[in-house]
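# Commentary on secondary and tertiary structure
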Amino acid sequence: TVKKSFTPNDILLTEGGILLLTGPNMAGKSTLMRQLALTSILAQIGSFVPADVAELPIFDSIFTRVGASDNLSEGLSTFMVEMTETADMLRKATPKSLLILDEIGRGTSTFDGMSLAQSILEYLASDLKAMTLFATHYHELTVLSEKFPHILNAHMSVVEKEGHIEFLHTLMLGPAQKSYGIQVARLAGVPAKITERAKELLADLETAKTHVPSITTASSANGNEMQGSFFDILDPEKQAREKKL
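A brief report on the enclosed structure follows.

The rules behind these values
- Residues numbered from 1 in each chain as written.
- Predicted model: local features only at pLDDT ≥ 70, side-chain atom pairs only at ≥ 80, totals over all residues.
- Heavy atoms only, no water.
- Patch = residues over 30% accessible without salt bridge, like charges linked within 9 Å, V, L, I, M, F, W, Y side chains within 5 Å.
- Areas by Shrake-Rupley, 256 points an atom, 1.4 Å probe, with all protein chains shown as cover.
- Salt bridge = Lys/Arg side-chain N within 4 Å of Asp/Glu carboxyl O.
- Helix = DSSP H or I, 4+ residues; strand = E, 2+ residues; numbered from the N terminus.
- Buried < 20%, exposed > 50% of the residue type's maximum accessible area, 1.4 Å probe, protein only.
- Pairing = 2+ DSSP bridges.
- Axes fitted to C-alpha atoms, helices over the stretch in contact; angles between N-to-C directions.
- Contact = heavy atoms within 4.5 Å.
- Expected span 1.5 Å × (residues − 1).
- Core = buried A, V, L, I, M, F, W, Y, C linked by side-chain atoms within 4.5 Å.

### Some words on a nonpolar patch on the surface
- Where nonpolar side chains cluster on the molecular surface, the patch consists of L38, I41 and I45 and spans about 310 Å² of accessible area.
- In this structure, L38 sits in helix α1 (residues 29-44).
- Of the residues examined, L38 reaches a relative accessible area of 53% and is grouped as exposed.

### Describing the pattern of salt bridges
- The final tally for this structure, using the stated rule, is six salt bridges.
- Of the charged contacts, one joins R65 and E85 as a salt bridge, the two residues approaching to 2.7 Å between their closest N and O atoms. Of this pair, R65 sits in strand β2 (residues 62-65) while E85 sits in helix α2 (residues 78-92), placing them 20 residues apart in sequence.
- In this structure R65 comes out as buried when scored by relative accessible area, which is 2%.
- Note that E196 is salt-bridged to K199, the shortest N-O span being 3.8 Å. Here the residue E196 and the residue K199 both occupy positions in helix α5 (residues 192-209), the gap between them amounting to three residues, near one helical turn.
- Given a relative accessible area of 41%, K199 falls into the partly exposed group.
- Here the residues in one salt-bridge network are D88, R91 and K92, joined through shared partners.

### Digging into the sheet that holds strand β3 (residues 98-102)
- A sheet is described by the order of its strands in space; here six strands give the open sequence β2-β3-β4-β1-β5-β6, paired in mixed fashion. Two strands lie at the open edges of the sheet, namely β2 and β6 (164-173), each paired on one side alone. Across this sheet, the average inter-strand angle for adjacent strands is 15°, counted without regard to direction.
- Bridge count for β2 against β3 is four bridges, and the pairing is parallel. Following the sheet pairing, F63 is matched in β3 by L99.
- Contacting β1 (18-22), β3, β4 (131-135) and β5 (151-161), helix α3 (residues 110-128) crosses the sheet at an angle of about 165° to β4.

### Observations regarding the environment of A185
- Its place among the elements puts A185 in helix α4 (residues 181-187).
- Apart from the residues within four sequence positions on either side, A185 is in contact with V190 and T195.

### With respect to α2
- Between its terminal C-alpha atoms α2 stretches 22 Å, which fits the 21 Å expected from 15 residues at 1.5 Å a residue.
- Buried residues of α2: V81, E82, M83, T86, M89 and L90, and no others.
- Considering only its buried residues, α2 is in contact with β2, β3 and α3.

### As for the nonpolar core
- Membership of the largest hydrophobic core comes to 24 residues, with the highest contact counts inside it found for L99, L101, L121, L124, F134, L141 and I151.
- For this core, the secondary-structure elements that each account for two or more residues are β1, α2, β3 and α3.
- The dominant element in this core, judged by the number of residues it contributes, is α3, at seven residues.
- When sequence neighbours within four positions are dropped, the list of residues in contact with L121 reads I18, L20, F134, L141, L144 and I151.
- Counting 22 residues, the second largest nonpolar core, distinct from the first, contains A27, L36, M156 and I165.

Following this line, the structure appears as structure tokens:
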């Protein structure tokens, strides 16, 4: 195994701030979030903090929703465990809490998961207003920073050369450009025939997506109707009704 040196990162969040992390798996999102949570615990028990400078609030609690696990013996699927833990967090957290949420909504369909992730993120920004680190592969959520000033987009940097990627494990401002999932699959040893076919399929999906409105980011002026959503175009029953009209 090749030993790599630790990559330090700076994190700056104001009270009620939300750091929305995007980027590929293995880039260091989860490590960064756990690092902040552990540093906060060390600070509050009066221990040494591994940082040049640290100014941390006193948190009344730290909540985490990380990883994928089930509890089948009690009839709970992976997604049910995810939602149960998230619900418990949202009920008990206060504006003085620290929240760590990693890939909320990944246990269900893409549209369900994205809708839940956006709704939870909006609630955190508008209602709870607790300091939060929120990691996601749903890049569509990054537009919420335009509506909520407390949401700050950031990503873990990656360098891509000739189809190969290198993880720099460095926190950078702004949203990630893509997830690099296929490149990660290739690094894991998935056969080239599969990854090349996946690239073709991804290109087709991205081409189709350019004709689809982006995820809704705000309610209309009267507050009763939502802006157009890309869910509508994928509803065959609605399309059929519109064609009849």
